[in-house]
Amino acid sequence: MQASNFQLPSFIKVSIVTIVSAILLSSCEVKDIELVEVEDVKIEKVTGGKIDGVITVKLNNPNGFPVTIKSGDFAIWAGKTEMGTAQLDESFKISANSNESYPIKLKGDVNGVLAGGISGLIGMFTGDDPKLVLKGDIKARSFLITRTVPVELETDL
């Protein structure tokens, strides 16, 4: 009796690999990325109610895989006053199994605060406990998985 040269069609092979990969990846525990500290806040440019800046943060990624931060939308608060909005200017990758600093570029709109005048701005920065807070959501991606994560960054002005 002669052996048969039966081969699976390629779409079935791809389907089997996809199903096995999904089962293996779904059994992995995904740990949250931790904000260790806000190291620095730099305002690079303010023109016509638009603001460009960089926030340097130290992040801990306990996972064995990198995570890419694709986008982010935030409300900017100084003390109890909402100053405007900010968006992530460019995506960045957080290394696997790392505890590193990352400069995060943001672009914002602070037209509402500027309409309140210089005295309003001075009052925000000279309060008893002046804090800058970014509240919003980021979209993080690793492999084929995308998650929206709420974020709140706080630092002294």
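Placed above this text is the structure.
Please read these numbers as outputs of a predicted model, since none were measured by experiment.

A. Looking closely at the overall build of the protein. Scanning the protein for helices and strands turns up 3 helices and 8 strands. Starting at the N terminus, the α and β elements of the protein follow one another as α-β-β-β-β-β-β-α-α-β-β. Taken over 157 residues, the protein has a buried fraction of 30%. For the protein, the proportion of contacts with a sequence separation of at least 24, taken over those separated by at least 6, is 60%.

B. Representation of the pairing of strand β1 (residues 34-47) in the model. Strand direction decides the pairing type here: β1 and strand β2 (residues 50-61), joined by 11 bridges, are antiparallel. Paired with Asp 40 across the strands is Thr 56, a residue of β2. Between β1 and the antiparallel strand that follows it, β2, lie 2 residues; Gly 48 among them carries a positive phi value of about 55 degrees.

C. Quick peek at unusual backbone geometry. One non-glycine residue, Asn 97, lies in the positive phi region at around 45 degrees. You can see Asn 97 is positioned in the loop between β5 (92-94) and β6 (98-109).

D. Broad picture of empty space enclosed by the protein. Taken as a whole, this structure holds 1 cavity of 30 Å³ or more when the rule is applied. Lining the largest cavity, in full, are Val 38, Ile 55, Leu 132, Val 133, Leu 134, Leu 153, Glu 154 and Thr 155. Within the residue set of the lining of the largest cavity, elements represented by two or more residues are β7 (131-142) and β8 (145-156). Considered class by class, the residues forming the lining of the largest cavity number 6 nonpolar, 1 polar and 1 charged.

Each value, and the rule that gives it
- Residues numbered from 1 in each chain as written.
- Predicted model: local features only at pLDDT ≥ 70, side-chain atom pairs only at ≥ 80, totals over all residues.
- Heavy atoms only, no water.
- Helix = DSSP H or I, 4+ residues; strand = E, 2+ residues; numbered from the N terminus.
- Buried < 20%, exposed > 50% of the residue type's maximum accessible area, 1.4 Å probe, protein only.
- Contact = heavy atoms within 4.5 Å.
- Pairing = 2+ DSSP bridges.
- 1 Å grid on protein atoms, 1.4 Å probe; cavity = no way out; pocket = protein on both sides within 12 Å on 5 of 7 lines; lining within 4 Å.
- Points joined across faces, edges and corners; volume = space filled by probe spheres on them.
- Nonpolar A, V, L, I, M, F, W, Y, C, P; charged D, E, K, R; others polar.

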